[in-house]
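Below are the chains, spelled out letter by letter.
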Amino acid sequence: MLLALLLCYPGFAGLCLSMDRHHAELLGYKPTARRRSGLRIGGWLLLAGSLWAAIAAAGWGLGLVQWCAALMLSALSLVLLLPYQPRLALLAAGLGLLVSPLAALAQ
Amino acid sequence: MKEGFRQSMAWLHTWAGLVFGWLLLAIFLTGTLAYFKDEISHWMQPEVPSRSVSNETSLILAQSYLQQHAQGASRWFINLPDAREPGLSVMWQFPGKPGERGAFTQKLLDPATGAELQARDTRGGEFFYRFHFQLQMPHPWGRWLSTAAAMLMFVALISGIITHKKIFKDFFTFRPRKGQRSWLDGHNAVGVLVLPFHLMITYSSLVIFMSMVMPASILATYGNDTRAYFNEVFPASKTAPAAGKPAHLVQLEPLLEQAREQWPGGRVGRITVNNPGDANASVNVMRHGGDQVVRDFGNVVTFDGVSGKLLQVSPPQSTALAINGSFYGLHMGLFAGPLLRWLYFICGLAATAMIGTGLVIWLGKRQLKHAKSGVTPFELRLVEVLNIASMSGLVLAVAAFFWANRLLPVSLAERADWEVNSFFIVWGLSLLHAALRRGRKAWVEQLGLAALMLASVPLLDALTMPDVLDGFLVHGDWVRAGFDLTCLAAGLFLAWGAWKMSRPVAQPAVAARSRRAALETEVN
């Protein structure tokens, strides 16, 4: 479940940054079209990866439940962090990506 | 019909949400607490020691206890302790008069010694669990009302999704410190981000009560013989009558291993013995409900109660039953380990917050219109009073329930009832208080008191049960420590809420009008 969470959160962060308004708010400038689609594809890939991670770790029944839980928790924490601690919100996404290979090895 | 589809859905969302909002809020908050039912019960019965003993040891003790104390009973029920529920509970039923159910007796045993535990009389977490679908009403009415509320919740969810047109554009948007705007953002955020949970929990609650609400399909298939339907869903309830010849009951504990062989990696949850001490005795060993996501009530291994021979292993669930069982399992979350259980709890809180913010928005939007004249019409005042009592009042009542558990004398007659009474008395008082005090003052006072009571739960626990530190430092009873710390955290959060409420909102005069106009079009 840890790996699923570590992939979900950066996935949502990527999808969030792929929107002009949030990108401008968080990083101070509007993204180029290429950057935008890159972030979007990356975000979706990470979400798909977390689905795979959850199912690989816990089987179909429990895995799907865990994936949904990871989706909801990471989206909720991202949205609550963004207005108060935007830097921390992005830092957490970066950290999640960095630690996820370790979690994948441990799994 | 000049109004568009979206407008009519917005109307439905607004009014369905308002009329059932207060009830739904109570159902969701108590239901959320019920995810920690066993943990709450454990805190409320500190006399039950938390020990890890093997199922076999507990079962030997339970059998010898029942053979001494439950002679002549028609059925024994043995609930084995697990990580969440430390007590070994045994129950037996004497044969009733024809056409009547015999009386049940229940005792709690120490799983390590088999001695009867003198635990205080309390409903524990079971109270919240029962309240969230029975609403403390006589038998069918509470279930009907809560099912009606669930139906309206489903309506409010679907109409809410349709009303909230920018569901993906606003997915990551939450703008705090902006008054009414923030409430709306918050309502949308907890609604959309936790939507899978909302839909699952609401829909599954309807599936759980489907035999009551929509019996048409059952009646069509089984005719008037609805027992046949329940026998198919819960096959373990079929039993052979007693033969009337005494016979020695088999030793139960070796049967556990045989049953577990049928379920690789599975645990045993409950054992029932039919006609113990009779030649027709049978033993049902049931699988632990938390083993799988899909709940299977029929997962039973049946043994002959005299020879110990394996009689029957229940067949795998049919697809229809598995679908039913998966909704049941998902709703109850019995399979969830600690992390997933906390996530269930957080999702439940998010659902509660969604209902609460919705009620606040309904009122805030209408109060804006009357802000200039300074006169609040009666209906708005009524909604305000009910909002206060249903939110801060309910939290206060929960805190009072915990306090009553520690402060009421252990020997008090009908002690468990008095705990429940104190819950409702405090809830009633909060309603009265909200009616007497001005809105903001009432919020601050009730939230402040609830914060104080919850935050001091650890202190209360330590003073009334002096062994609390000993409990989790020596015996590793982290459940009780976790309960204390969670109460403390909840108290601090409520204190923050009370502090926020106590400061006057600075309404920027210039921007207010244009923003209000924008809100008018959007909130509706």
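Worth saying up front: this structure is predicted, and the values here are computed from it rather than measured. (Residues numbered from 1 in each chain as written. Chains lettered and ligands numbered in written order. Predicted model: local features only at pLDDT ≥ 70, side-chain atom pairs only at ≥ 80, totals over all residues.)

K.L.:
Give a description of the overall build of chain B that names residues and reports values.
P.N.:
A count of helices and strands for chain B gives 20 helices and seven strands. The 524 residues of chain B split such that 38% are buried. Taking the intrachain contacts of chain B between residues at least 6 apart in sequence as the baseline, contacts between residues at least 24 apart amount to 69%. (Helix = DSSP H or I, 4+ residues; strand = E, 2+ residues; numbered from the N terminus. Buried ≥ 20, exposed ≤ 12 C-beta atoms within 10 Å, placed from the backbone. Contact = placed C-beta atoms within 7 Å.)

K.L.:
Tell me about the overall build of chain A, and please be specific about residues and values.
P.N.:
A tally of regular secondary structure across chain A gives four helices and zero strands. Order of helices (α) and strands (β) in chain A, N terminus to C terminus: α-α-α-α. Here the C-alpha atoms of chain A give a radius of gyration of 14 Å, agreeing with the 13 Å that 2.2 N^0.38 yields for 107 residues. Taken along the three principal axes of its C-alpha coordinates, chain A extends 40 × 30 × 25 Å. Residue burial in chain A is summarised as follows: out of 107 residues, 40% are buried. Here the contacts in chain A between residues at least 6 apart in sequence split such that 71% fall between residues at least 24 apart. (Rg over C-alpha atoms; globule rule 2.2 N^0.38 Å.)

K.L.:
Before we move on, can you summarise the sheet that holds strand S4 (residues 268-274) of chain B with the specific residues and values?
P.N.:
Whether parallel or antiparallel, the strands of a sheet pair through hydrogen bonds between backbone atoms. All names here are of chain B. Across the sheet, seven strands lie side by side as S3-S2-S1-S4-S5-S6-S7; this open sheet has antiparallel pairing. A strand with exactly one partner marks an edge of an open sheet, and here the two such strands are strand S3 (104-109) and strand S7 (310-313). Ignoring which end each strand starts from, the neighbouring axes of this sheet average 15° apart. Lying over the sheet, helix H3 (residues 55-69) contacts strand S1 (75-79), strand S2 (88-93), S3 and S4, oriented at roughly 35° with respect to S2. Together, S4, strand S5 (282-287), strand S6 (300-304) and S7 form the strand contacts of helix H11 (residues 253-262), whose direction differs from that of S5 by roughly 50°. (Pairing = 2+ DSSP bridges. Axes fitted to C-alpha atoms, helices over the stretch in contact; angles between N-to-C directions.)

K.L.:
Would you mind going over the pairing of S2 of chain B in detail, with residue names and values included?
P.N.:
Residues and elements named next belong to chain B. Only one face of S2 is buried, namely the one carrying Leu-88, Val-90 and Trp-92, since none of Ser-89, Met-91 and Gln-93 on the opposite face is buried. Taken together, the five bridges between S1 and S2 define a ladder with antiparallel strand orientation. Paired with Arg-75 across the strands is Gln-93, a residue of S2. Note: S2 against S3, six bridges, orientation antiparallel. In the sheet register, Gln-93 faces S3, and the bridge partner there is Phe-104.

K.L.:
Run through the interface of chain B and chain A, naming residues and quoting values.
P.N.:
Residue-level contacts link 20 residues of chain B with 18 residues of chain A. For the side of chain B that touches chain A, the elements supplying multiple residues, two or more each, are helix H6 (180-193), helix H7 (195-208) and helix H13 (338-370) of chain B. Here the element with the most residues in the side of chain B that touches chain A is H13 of chain B; it accounts for six residues. Grouping the amino acids of the side of chain B that touches chain A by side-chain chemistry returns 18 nonpolar, one polar and one charged. (Nonpolar A, V, L, I, M, F, W, Y, C, P; charged D, E, K, R; others polar.)

K.L.:
Quick rundown of the packing of helix H3 (residues 33-84) of chain A against H13 of chain B? Include the residues and the values.
P.N.:
Remark: H3 of chain A packs on H13 of chain B, axes separated minimally by 10 Å, with the N-to-C direction vectors making an angle of 55°. It follows from the interaxial angle that H3 of chain A and H13 of chain B lie oblique. Where H3 of chain A crosses over H13 of chain B, the handedness of that crossing is left-handed. Residues Gln-66, Ala-69, Met-72, Leu-73 and Leu-76 of chain A of H3 of chain A touch H13 of chain B, and the partners they reach there are Leu-340, Leu-343, Ile-346, Cys-347 and Ala-350 of chain B. Classifying every residue of the contact of H3 of chain A with H13 of chain B gives nine nonpolar, one polar and no charged. (Parallel < 35°, antiparallel > 145°, perpendicular 65-115°, else oblique. Left-handed = near helix turned anticlockwise from the far one by under 90°.)

K.L.:
Lay out the pairing of S4 of chain B with the relevant residues and their values.
P.N.:
Residues and elements named next belong to chain B. In terms of residue burial, S4 counts as a mostly covered element, since five of its seven residues are buried. Across five bridges, the pairing between S1 and S4 is antiparallel. In the strand pairing of S4, Asn-79 is matched with Arg-270. Direction of pairing for S4 relative to S5: antiparallel, over a ladder of six bridges.

K.L.:
I'd love a proper account of H11 of chain B, names of residues and values included.
P.N.:
Residues and elements named next belong to chain B. Within the span of H11, buried status applies to Leu-255, Leu-256 and Ala-259. Down the axis, H11 shows its buried residues gathered within 110° of arc, on one side only. For H11, the exposed residues lying more than 90 degrees away from the buried face are Pro-254, Glu-257 and Glu-261. Check the buried side of H11 and you find it contacts H3, S4, S5 and S6. (Arc of directions from axis to C-beta.)

K.L.:
Could you give an account of the UniProt feature "transmembrane region" (unreviewed entry) in chain A, with specific residues and numbers?
P.N.:
Taking the numbering used here, the UniProt-annotated feature "transmembrane region" (unreviewed entry) corresponds to residues 37-57 and 88-106 of chain A. The span residues 88-106 of chain A carries 100% helix and 0% strand; its end-to-end C-alpha distance comes to 26 Å. (UniProt positions renumbered as here; feature names shortened; annotations may be inferred.)

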